[in-house]
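# Examination of the molecular architecture
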Amino acid sequence: MTPQDPEETQPLLGPPGGGAAAGGVLGGWLVDRAGRKLSLLLCSVPFVAGFAVITAAQHVWMLLGGRLLTGLACGVASLVAPVYISEIAYPAVRGLLGSCVQLMVVVGILLAYLAGWVLEWRWLAVLGCAPPSLMLLFMCAMPETPRFLLTQHRRQEAMAALRFLWGSEQGWEDPPIGAEQSFRLALLRQPGIYKPFIIGVSLMAFQQLSGVNAVMFYAETIFEEAKFKDSSLASVVVGVIQVLFTAVAALIMDRAGRRLLLVLSGVVMVFSTSAFGTYFKLTQGGPGNSSHVALSAPVSAEPVDASVGLAWLAVGSMCLFIAGGPQALRSLLACLRFLHLQCPFHLVLCP
């Protein structure tokens, strides 16, 4: 296989994979040692380098290497960016910005769908170099967070950064002594530590195991299997739905309550994924469960004609899954990061 065929390379350009997992670990180490600002500056380098490698790819290993680099940068950025935003935000708007983090993520996914609708995959990789390049440029003009500067005993610089960000020092409260202590296993003996720790990690695990990333990254392939006429357009529609309902979840979270949204989210995910599985069971009676059916089955092994008439079931269940499923979990996790800044392991609550 050569990377010249975009249909064959779609899985390689999808989920960040192991690079993002390693980036999360690296980001946790960088954020407290190099600082929030420098960590964001550093992660822009593998972003640009990874997309550059993908653009110039002539072999599969180059695609894999590019995805490894961009995944590494994605893991660092997804951890450091919310911390930076929370520590520079004015208290009155900190919760709002916490909800907007996930909203910006899904807006980015939607923009990627729109760009992929009209661009060939190499040009899409070229376009991917633009956001990290702009971040590198603009972050050079931004200060380090006052909170981090105080932990480094650089109070004068912290107050200067605060005046740059807020215009004055009004509303600022020094973090309590010991708020930035490093996480140690011995802390898990305290109920105030291990209970939110277990809940937070469990929520993140369930959110990932819900399959939302696989559904989003392979949306076009799923719609093609469902015999949808324009699978690219359907992917854009899914992206729009995701943006709309992420915004709705952020707006009603304080009124409806986190627990109620999580319960509703679980019910919707069970119903929609059951309907989704029923569709493929009805239209593809074979026992295979491979995501690369074309490699293990004859070309003539097409779904029965009923798949065309039942395409609405696949499209509807997928849209319902995106609308009511993982968004409550993701928005709640975003709020947890912003509401528990005083916790010594707040960085652990970053998916």
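Residues numbered from 1 in each chain as written. Predicted model: local features only at pLDDT ≥ 70, side-chain atom pairs only at ≥ 80, totals over all residues. Heavy atoms only, no water.

The protein is annotated in an unreviewed UniProt entry as Major facilitator superfamily (MFS) profile domain-containing protein of Colobus angolensis palliatus. Check the Subcellular location (unreviewed entry) section of the UniProt entry for the protein; it says "Cell membrane". (UniProt positions renumbered as here; feature names shortened; annotations may be inferred.)

### Overview of the packing of aromatic side chains
Per the counting criterion, the structure on display carries 1 aromatic pair. On the numbers, 4.9 Å between centres and 70 degrees between planes, the contact of Tyr 90 with Trp 166 is edge-to-face. Here Tyr 90, found in the loop between α4 (60-88) and α5 (91-118), pairs with Trp 166, found in helix α9 (residues 155-166); they are 76 residues apart in sequence, far enough to count as distant. Overall, the relative accessible area of 37% leaves Tyr 90 in the partly exposed class. You can call Trp 166 buried: its relative accessible area is 17%. (Phe/Tyr/Trp six-rings, centres within 6.5 Å; stacked < 30°, edge-to-face > 60°. Helix = DSSP H or I, 4+ residues; strand = E, 2+ residues; numbered from the N terminus. Buried < 20%, exposed > 50% of the residue type's maximum accessible area, 1.4 Å probe, protein only.)

### Observations regarding helix α14 (residues 258-283)
With 26 residues, α14 should cover 38 Å at 1.5 Å per step; its first-to-last C-alpha distance of 38 Å lies within 8% of that length. For α14, every residue scored as buried is listed here: Leu 261, Ser 265, Met 269, Ser 272, Ala 275, Phe 276, Tyr 279 and Thr 283. (Expected span 1.5 Å × (residues − 1).)

### Describing the nonpolar core
Grouped together as the largest cluster of nonpolar side chains are 27 residues, with contacts concentrated most on Met 216, Phe 223, Val 238, Met 318, Phe 321 and Ile 322. Per element, the largest residue contribution to this core is 8 residues, and it comes from helix α17 (residues 311-324). Grouped together as the second largest cluster of nonpolar side chains are 22 residues, Val 83, Trp 121, Ala 125 and Met 139 included. (Core = buried A, V, L, I, M, F, W, Y, C linked by side-chain atoms within 4.5 Å.)

### Some words on the packing of helix α3 (residues 36-55) against helix α7 (residues 130-139)
Relative orientation of the contacting elements α3 and α7 amounts to 150 degrees, with a least axis distance of 9 Å. Here α3 is positioned roughly antiparallel relative to α7, judged by the angle of their axes. In this structure, α3 meets α7 at a crossing whose hand is left-handed. Touching Lys 37, Leu 40, Leu 41, Cys 43, Ser 44, Phe 47 and Val 48 of α3 are Pro 132, Ser 133, Met 135, Leu 136 and Met 139, all from α7. (Axes fitted to C-alpha atoms, helices over the stretch in contact; angles between N-to-C directions. Parallel < 35°, antiparallel > 145°, perpendicular 65-115°, else oblique. Left-handed = near helix turned anticlockwise from the far one by under 90°. Contact = heavy atoms within 4.5 Å.)

### Quick notes on a nonpolar patch on the surface
A cluster of nonpolar residues, Leu 111, Leu 114, Trp 117, Val 118, Leu 119, Trp 123, Val 126, Leu 127, Leu 233 and Val 237, forms a patch on the protein surface that exposes about 920 Å² of accessible area. Put simply, the parts of the chain that give the nonpolar patch at least two residues each are α5, α6 (121-128) and α13 (231-256). For Val 126, a relative accessible area of 35% translates into the label partly exposed. (Patch = residues over 30% accessible without salt bridge, like charges linked within 9 Å, V, L, I, M, F, W, Y side chains within 5 Å. Areas by Shrake-Rupley, 256 points an atom, 1.4 Å probe, with all protein chains shown as cover. Salt bridge = Lys/Arg side-chain N within 4 Å of Asp/Glu carboxyl O.)

### Let's talk about the side chain of Arg 122
Tracing the sequence through the fold places Arg 122 in helix α6. Buried within the structure, Arg 122 lacks any salt-bridge partner; its nearest side chain of opposite charge belongs to Glu 120, at an N-O separation of 4.6 Å. A polar contact of 2.8 Å, which involves the side chain of Arg 122, links it to the backbone oxygen of Ala 57. (Lys, Arg positive; Asp, Glu negative; His and termini not counted. Polar contact = N/O pair within 3.5 Å; in protein donor to acceptor, adjacent residues only side chain to side chain.)

### Some details on the environment of Gln 102
Examined against the element boundaries, Gln 102 turns out to sit in helix α5. The buried category is assigned to Gln 102, whose relative accessible area is 10%. Each C-alpha atom of the pair Gln 102 and Thr 246 lies 7.5 Å from the other, and the pair is 144 residues apart in sequence.

### Examining the side chain of Glu 87
For Glu 87, the position within the fold is in helix α4. At 2.7 Å, the side chain of Glu 87 and the side chain of Arg 36 are in polar contact.

### A look at α9
Each α-helix turn comprises 3.6 residues. Residues three or four places apart therefore point the same way. For α9, which comprises 12 residues, the first-to-last C-alpha distance of 16 Å matches the rise-based estimate of 16 Å (1.5 Å per residue) to within 8%. Taken together, the buried residues of α9 touch α4, α5 and α8 (146-151). Taken from the residues just after α9, Gly 167 is the one with a positive phi, measuring 90 degrees.

### Description of the pattern of salt bridges
What the rule picks out here adds up to 4 salt bridges. A salt bridge links Arg 36 to Asp 32; the shortest N-O distance between them is 3.2 Å. Among the residues examined, Arg 36 registers a relative accessible area of 1% and is labelled buried. Two residues, Arg 147 and Glu 87, come together in a salt bridge whose shortest N-O distance is 3.8 Å. One end of the pair, Arg 147, is in helix α8; the other, Glu 87, is in helix α4, with 60 residues separating them in the sequence. The pair Arg 147 / Glu 87 is uniform in exposure class, with both members buried. When salt bridges with common partners are traced through the structure, they connect Asp 32, Arg 36, Glu 87 and Arg 147 into a single cluster.

### Let's talk about the confidence of the model for the protein
Of all residues in the protein, 74% attain a pLDDT of 70 or more, and the chain-wide mean is 75. Across residues 1-13 the pLDDT falls below 50, and counting only partners more than four positions away or on other chains, this stretch makes 34 contacts in the model. Note that residues 338-351 has pLDDT below 50 and, in this model, 50 contacts with residues that lie over four places away or in other chains. (pLDDT = per-residue confidence, 0-100.)

### Some points on the packing of α3 against α6
In contact at an axis separation of 8 Å, α3 and α6 are set at 165 degrees when each is read in the N-to-C sense. By the angle class used here, α3 and α6 are roughly antiparallel. Regarding α3 and α6, the two cross each other, and that crossing is left-handed. Residues Phe 51, Ile 54 and Thr 55 of α3 touch α6, and the partners they reach there are Trp 121, Arg 122, Ala 125, Val 126 and Gly 128. In the contact of α3 with α6, the residues fall into 5 nonpolar, 2 polar and 1 charged. (Nonpolar A, V, L, I, M, F, W, Y, C, P; charged D, E, K, R; others polar.)

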